[in-house]
Amino acid sequence: MRTEQQQGPGRLDAQPRTRWVDQATFSRRRPDLRLGARSHRVDRPGDAPGGRIAVQHRVRTGTAEYSLLLNAPEELGRRTVGDALRDAVAELRAIDLTYGPNRPESLVSRLRRGEISPESYPPLTDLVDRCAAMRAATDGWFDAWAVPGGFDPGGLLNGWAVERAATRLRAAGITDYAVLSGADLTVRGHAAHGGPWRVAVHHPTDGRRAPLVLEMTAGAVGTSGVSGRQGHVVDPHSGEPAGQLVAATVVGPDLAVADAYATALYAAGPVGLSWFRADSAYQALFAHRRR
């Protein structure tokens, strides 16, 4: 099964900041960002218009690799832009160290062992609350408490980290940026060429297929299943590895939520498509059945 924007190209237009682009039109333009095929790629940018500072930076933490693209007005100054970039990178590294479920002394691991409560640290409270909200929104198909070993927010942790790093950028006055990790991204504002971010979402296993194309000035794309590892998502109702889909991709305003929906859709299979109503802020782009 292949699910793409269930009611045709107009459906994502209900989200005014994410626009579906006709492939014939897009073919005459170079994408800014490419997702899929188990990774992400940032195409070489064109020259930034006068009065702008364009920055690209890649960073690897213990569990993920991130690309940050900033497009800032010159009046902010290169020092301010550099400080904002360092703050965002520091946030990504701090979340990896502080909340990584595979780190024995992380807050998540301590919570699992009953050494602390969710209320001990405000960010941990937010993380737990988000997991609880997504468990309710997905009829239990996203369940951070049904993972072997205890509470594991991994299905949305990466998206949560990216959104927190993006908050650091906005606090510094940078409103035009993209932050990517694997097959996930969040964007705001405009790319260095002055137009919306042009995002090509490639099929995760079949490189011959034309990509789905979006123009985005605000929003996120979350994907589950492109790592190539079978069994990395558990069906929370049976405890068995999920195996109906090879990949699931969801678009919407917030990457943590989109990631959680994608994880839940991957676990649930086609039944999960019922979560994405015509008026929903989140929509399924891909739901590929395993052959």
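The rules behind each value
- Residues numbered from 1 in each chain as written.
- Predicted model: local features only at pLDDT ≥ 70, side-chain atom pairs only at ≥ 80, totals over all residues.
- Heavy atoms only, no water.
- UniProt positions renumbered as here; feature names shortened; annotations may be inferred.
- Salt bridge = Lys/Arg side-chain N within 4 Å of Asp/Glu carboxyl O.
- Buried < 20%, exposed > 50% of the residue type's maximum accessible area, 1.4 Å probe, protein only.
- Helix = DSSP H or I, 4+ residues; strand = E, 2+ residues; numbered from the N terminus.
- Axes fitted to C-alpha atoms, helices over the stretch in contact; angles between N-to-C directions.
- Parallel < 35°, antiparallel > 145°, perpendicular 65-115°, else oblique.
- Left-handed = near helix turned anticlockwise from the far one by under 90°.
- Contact = heavy atoms within 4.5 Å.
- Pairing = 2+ DSSP bridges.
- Expected span 1.5 Å × (residues − 1).
- Phe/Tyr/Trp six-rings, centres within 6.5 Å; stacked < 30°, edge-to-face > 60°.

Under an unreviewed UniProt entry, the name given to the protein chain is FAD:protein FMN transferase, and the organism recorded is Micromonospora rifamycinica. Per UniProt, the protein chain carries the Catalytic activity (unreviewed entry) text "L-threonyl-[protein] + FAD = FMN-L-threonyl-[protein] + AMP + H(+)". In its Cofactor (unreviewed entry) section, the UniProt entry covering the protein chain states "Mg(2+)".

Caption draft 1: Structural context of the pattern of salt bridges. The final tally for this structure, using the stated rule, is 15 salt bridges. Across the pair Glu 65 and Arg 60 runs a salt bridge whose closest N-O atoms are separated by 2.6 Å. For Arg 60, a relative accessible area of 55% gives the class exposed. Between Arg 164 and Glu 91 there is a salt bridge, and its shortest N-O distance comes to 2.9 Å. Of the two residues, Arg 164 sits in helix α5 (residues 154–171) while Glu 91 sits in helix α2 (residues 78–99), which places them 73 residues apart along the sequence. Classification of Arg 164 by relative accessible area gives partly exposed; the value is 28%. Within this structure, Glu 105, Arg 110, Arg 113 and Glu 115 form a network of salt bridges that share partners.

Caption draft 2: Spatial organisation of the packing of helix α4 (residues 122–137) against helix α6 (residues 255–268). At their nearest, the axes of α4 and α6 sit 10 Å apart, and the two run at 45° to each other. When the interaxial angle is binned, α4 and α6 end up oblique. As α4 packs across α6, the resulting crossing turns out to be right-handed. Residues Arg 130, Met 134 and Ala 137 of α4 lie in contact with α6, whose contacting residues are Ala 256, Val 257, Ala 260 and Tyr 261.

Caption draft 3: Summary view of the sheet that holds strand β6 (residues 177–181). The strand order across the open sheet formed by seven strands is β4-β5-β6-β7-β10-β11-β12, and the pairing between neighbours is antiparallel. The open sheet terminates on both sides in strands that have one partner only, identified here as β4 (52–60) and β12 (283–289). The average angle at which neighbouring strand axes cross in this sheet is 5°, direction not considered. Relative to β6, α5 is tilted by about 155°, and along the sheet it contacts β5 (65–73), β6, β7 (184–188) and β10 (218–224).

Caption draft 4: Structural context of α5. Helix length check: α5 (18 residues) gives 26 Å between terminal C-alpha atoms against 26 Å at 1.5 Å per residue, within 8%. Listed as buried for α5 are Leu 156, Leu 157, Asn 158, Gly 159, Trp 160, Ala 161, Val 162, Glu 163, Ala 165, Ala 166 and Leu 169. One or two steps after α5, the chain reaches Gly 173, where phi turns positive at roughly 95°.

Caption draft 5: Main features of the packing of aromatic side chains. If you walk through the whole model with that rule in mind, you get six aromatic pairs. Ring centres 5.0 Å apart and planes at 45° place the aromatic pair Trp 145 and Phe 151 in the tilted group. Judged by its relative accessible area of 35%, Trp 145 falls in the partly exposed class. A relative accessible area of 6% places Phe 151 in the buried class. Measuring from centroid to centroid gives 5.6 Å for Tyr 261 and Tyr 282, while their planes differ by 45°, and the two rings are tilted. With Tyr 261 in helix α6 and Tyr 282 in the loop between α6 and β12, this residue pair connects regions lying 21 residues apart in the sequence.

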